[in-house]
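So you can see what is in the structure, the chains are spelled out below.
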Amino acid sequence: MADRELAEAHFREGFKKILEGFELLGYDTSADENFQGTVSRAAKGLAELVLCNDTVQSEINDMLAKTFPARYDEMVISKHNVSFGVCPHHILPVIYRISVAYIPMEKVLGISKLSRLVQLLARRPILQEDLTHELARILHQTLESRGAAAYVEGMHLCMAARGVQAHEARVVTSAVRGAFLDQPATRQEFLDLVTTAHPSLL
Ligand SMILES: [Zn+2]
């Protein structure tokens, strides 16, 4: 995709400048073999962490166009999906653990699609708060469900490795829509299911 290649070319220009900054800090990156090819590798790495917005939107549209008729009106949960992204404030990686749920009305998504939705939406330069709300909104409005919820824990390298150095801190955000908003017991059931320790399946 042309835009993606162009973006990667811009990332390479940026990483060239970053290596010049390392030189100013006293690291001889032009002589050190470990830095040979770093500009290209780093640009490619960032391009993998941040997906093209058009790709994300079109894949989500395709996904939501292929639903199944609901034969079930209980809560569907996809929990503890580990996903990666970058924060828009520092362009540093964020490791997420994301749980989402919805209560179908007429349509259900294939179960693997919930994980895919989470992965796609996380791989953008987006605030965790906005990611959380967007997940709940898509699973409620776009899927026309009775309700939806998202619970996100984020380990932000901008917090863990610099600044306040809150190594162990996790940022926790949640969003609820529809039945999860109207019925505190439903919301609580979701939170209990996604936050309590549980024995491993394997
Ligand atoms: Zn940040």
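Scope of this entry: the structure provided in the associated data block.

Parameters and conventions
Residues numbered from 1 in each chain as written. Predicted model: local features only at pLDDT ≥ 70, side-chain atom pairs only at ≥ 80, totals over all residues. Heavy atoms only, no water. Buried < 20%, exposed > 50% of the residue type's maximum accessible area, 1.4 Å probe, protein only. Helix = DSSP H or I, 4+ residues; strand = E, 2+ residues; numbered from the N terminus. Pairing = 2+ DSSP bridges. Salt bridge = Lys/Arg side-chain N within 4 Å of Asp/Glu carboxyl O. Phe/Tyr/Trp six-rings, centres within 6.5 Å; stacked < 30°, edge-to-face > 60°. Axes fitted to C-alpha atoms, helices over the stretch in contact; angles between N-to-C directions. Contact = heavy atoms within 4.5 Å. Expected span 1.5 Å × (residues − 1).

Some points on the pairing of strand β5 (residues 147-156)
Piece 1. Most of β5 is tucked away: 10 of the 10 residues are buried.
Piece 2. Both faces of β5 are covered, namely the face carrying Gly147, Ala149, Tyr151, Glu153 and Met155 and the face carrying Ala148, Ala150, Val152, Gly154 and His156.
Piece 3. The sheet contact formed by strand β3 (residues 93-103) and β5 spans 10 bridges and is antiparallel. Directly across from tyrosine 102, in β5, lies its bridge partner alanine 148.
Piece 4. The pairing of β5 with strand β6 (residues 171-178) spans 8 bridges and is classified as antiparallel.

Section: the pattern of salt bridges
Piece 1. One pass over the structure, following the stated rule, counts 7 salt bridges.
Piece 2. Of the charged contacts in the structure, one is a salt bridge between arginine 12 and glutamate 8, with a shortest N-O distance of 3.9 Å. Residue arginine 12 and its partner glutamate 8 are both found in helix α1 (residues 2-24); the two are separated by 4 residues, about one turn of the helix.
Piece 3. For arginine 12, a relative accessible area of 29% translates into the label partly exposed.
Piece 4. Exposure remark for glutamate 8: the relative accessible area of 18% places this residue in the buried category.
Piece 5. Here lysine 17 makes a salt bridge to glutamate 20, at a shortest N to O gap of 3.6 Å. Remark: glutamate 20 and lysine 17 occur in helix α1; sequence separation between them is 3 residues, near one turn of the helix.
Piece 6. By relative accessible area, which is 58% here, lysine 17 ends up exposed.

Considering the packing of aromatic side chains
Piece 1. Within this structure, the stated rule accounts for 2 aromatic pairs.
Piece 2. Pairing phenylalanine 22 with phenylalanine 35 gives two aromatic rings, centres 6.4 Å apart and planes at 75 degrees, and the pair type is edge-to-face. Of this pair, phenylalanine 22 sits in helix α1 while phenylalanine 35 sits in the loop between α1 and α2 (38-49), and the two are 13 residues apart along the sequence.
Piece 3. For phenylalanine 22, a relative accessible area of 33% gives the class partly exposed.
Piece 4. In this structure phenylalanine 35 comes out as partly exposed when scored by relative accessible area, which is 22%.
Piece 5. Taken together, a centroid distance of 5.9 Å and an interplanar angle of 80 degrees make the contact between phenylalanine 180 and phenylalanine 190 edge-to-face. Note that phenylalanine 180 is positioned in helix α7 (residues 179-182) and phenylalanine 190 in helix α8 (residues 184-195), a separation of 10 residues in sequence. The pair phenylalanine 180 / phenylalanine 190 is uniform in exposure class, with both members buried.

So, the sheet that holds β6
Piece 1. As summarised here, the arrangement of the 4 strands in space is β2-β3-β5-β6, forming an open sheet in which the pairing is antiparallel. Of all the strands in the sheet, the pair left with one neighbour each is β2 (76-86) and β6. Taken pair by pair, the neighbouring strands of this sheet meet at an average axis angle of 15 degrees, ignoring direction.
Piece 2. Helix α4 (residues 111-122) rests against β2 and β3 of the sheet, and its axis sits at about 25 degrees to β2.

Regarding α4
Piece 1. The end-to-end C-alpha separation of α4 is 18 Å, in line with the 16 Å expected for 12 residues at 1.5 Å each.
Piece 2. Buried within α4 we find Leu114, Leu117, Val118, Leu120, Leu121 and Ala122.

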